[in-house]
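# Report on the structure
Now for the letters of each chain:
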Amino acid sequence: MAATMQTTIMMKHHTKCGLTKQGQRFLTSIVTAPSSQTLITKFVTSSSKAVALTTLNHLLSSSSPTTTHPHLSSLALPLYMKITEMQWFSWNSKLVSSVIALLYKQGQITEAESLISETVSTMCSKERDLVSFYCNLIMAVAKVKSMSGFSSTYTRLNELLYNSSSTFVRKRAYESMVGGLCVMGQPHEAKRLITDTEHLGLKPSLFEFRSLVEGYGRAGLFDEMLQSVSQMEDSGFALDTISSNMVLSSYGLHNELSQMVFWLRKIKTLDIALSVRTYNSVLNSCQTLTQSLQDLKSVPVSLDALISVLRDDEALLVQELTETRVLNEVITWDTSESKLDLHGMHLSTSYLILLLWKEELRLRFSDEQYEVPAEITVVCGVGKHSSVRGDSPVKAMVREVLLRAKSPLRIDRKNTGCFIAKGKSVVDWLC
């Protein structure tokens, strides 16, 4: 089950790595360097483990801002090879899979196959290690949409699926093949695989059903998506927050906002909890909202003002998200401090939560069961996980909204990732 969840995470998200200043200097200097290998060696040997790996992950990330110098991604392989020579290095199949996937994406098929062969011969002496490597690899190559890399890895997993005597190995191969097909935009083939392997005693788990839901949804095949939801429920897996978020995200991808409104109302009727990821999925689909956040000088600073400028379906979606249960997860409250934590939220979600937080504070300040805390804090972070470390769009938005709303909260001198004020001054501001 742990392996399944790790695979799900790999499918859903590629972590954005905040590049350190040391890493930035290295990439800047190497652009015009006559010998990149010399600089790579100097950089890795003089850097900490965290700095070296963060820089490598930055090059591997599909969202990294390397468009100014696209050839920088070609440094990933020599940087990785140098890192593997360090005493502190610990082999990781996910990391090497990401390197191989990038090689496939760049058309360096020979280099990719060579690294695969080396990995299999030196690190995968046990069948469980082998299947784990190929499972990570198929997700990595599927993410970059490399047909050659996917086909090759799929063939290797298929051999393990039919030839291994280990139930664990066969199940891991099966789930990753289904998941990989869905990521590649081939949900019909994934469903056919599920049917064709029934004679092996393999039954789809929650992971396979979620893969089908997401695969069909991203392809815009909504009837098949909802059919997969029904089959999941018929197999004993209750509709939950994660599966609901996949449906919402799929509708949003195809701008089906009215269906998102319907689905939000349905899951709330079923008492399925919303999550921060629900907000991210829904609000990223509201183009008027996301466009307004590009001009922070004029973005509305109250919930009513925001709803008034949104289009019909967008306004309905925002209204559906104005519930306090998610707020309760991100707000802590005691006599010494009340804290709003915006970590994990996309910009549009942070913005809406900030507006909802203001309204929630008004309600709590007028309720005798809530004692006014000594301090009020908004935590937005300093941009460690932004594409450029220290450059936080969320922090910039919070600063502008609080400033234009004439809030007493100011950046904390002890922690620049927080805004802070005395509780009494916040009461005076809001009430």
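Presented here is an overview of the structure given in this document. (Residues numbered from 1 in each chain as written. Predicted model: local features only at pLDDT ≥ 70, side-chain atom pairs only at ≥ 80, totals over all residues. Heavy atoms only, no water.)

### Digging into the sheet that holds strand 5 (residues 418-422)
Pairing is mixed in the open sheet, where five strands are placed in the order 1-2-3-5-4. Strands at the two margins of the open sheet, each flanked by one partner only, are strand 1 (331-333) and strand 4 (410-411). For strand 4 and strand 5, the ladder comprises two bridges, and the chain directions are antiparallel. Across the sheet, residue Arg 410 finds its bridge partner in strand 5, namely Ile 420. This element, helix 21 (residues 347-365), spans strand 1, strand 2 (337-341) and strand 3 (375-379) of the sheet and lies at about 25° to strand 1. Packed on one face of the sheet, helix 23 (residues 423-430) meets strand 3 and strand 5 and runs near 85° to strand 5. (Pairing = 2+ DSSP bridges. Helix = DSSP H or I, 4+ residues; strand = E, 2+ residues; numbered from the N terminus. Contact = heavy atoms within 4.5 Å. Axes fitted to C-alpha atoms, helices over the stretch in contact; angles between N-to-C directions.)

### Describing the packing of helix 5 (residues 76-84) against helix 7 (residues 109-123)
Running from N to C, helix 5 and helix 7 point in directions that differ by 20°, and their axes come no closer than 12 Å. Our classification of the angle between helix 5 and helix 7 gives roughly parallel. Classified by chirality, the crossing of helix 7 by helix 5 is left-handed. Packed against helix 5, whose contacting residues are Leu 77, Tyr 80 and Met 81, the element helix 7 presents Glu 111, Leu 115 and Glu 118 at the interface. Of the residues belonging to the contact of helix 5 with helix 7, the class tally is four nonpolar, no polar and two charged. (Parallel < 35°, antiparallel > 145°, perpendicular 65-115°, else oblique. Left-handed = near helix turned anticlockwise from the far one by under 90°. Nonpolar A, V, L, I, M, F, W, Y, C, P; charged D, E, K, R; others polar.)

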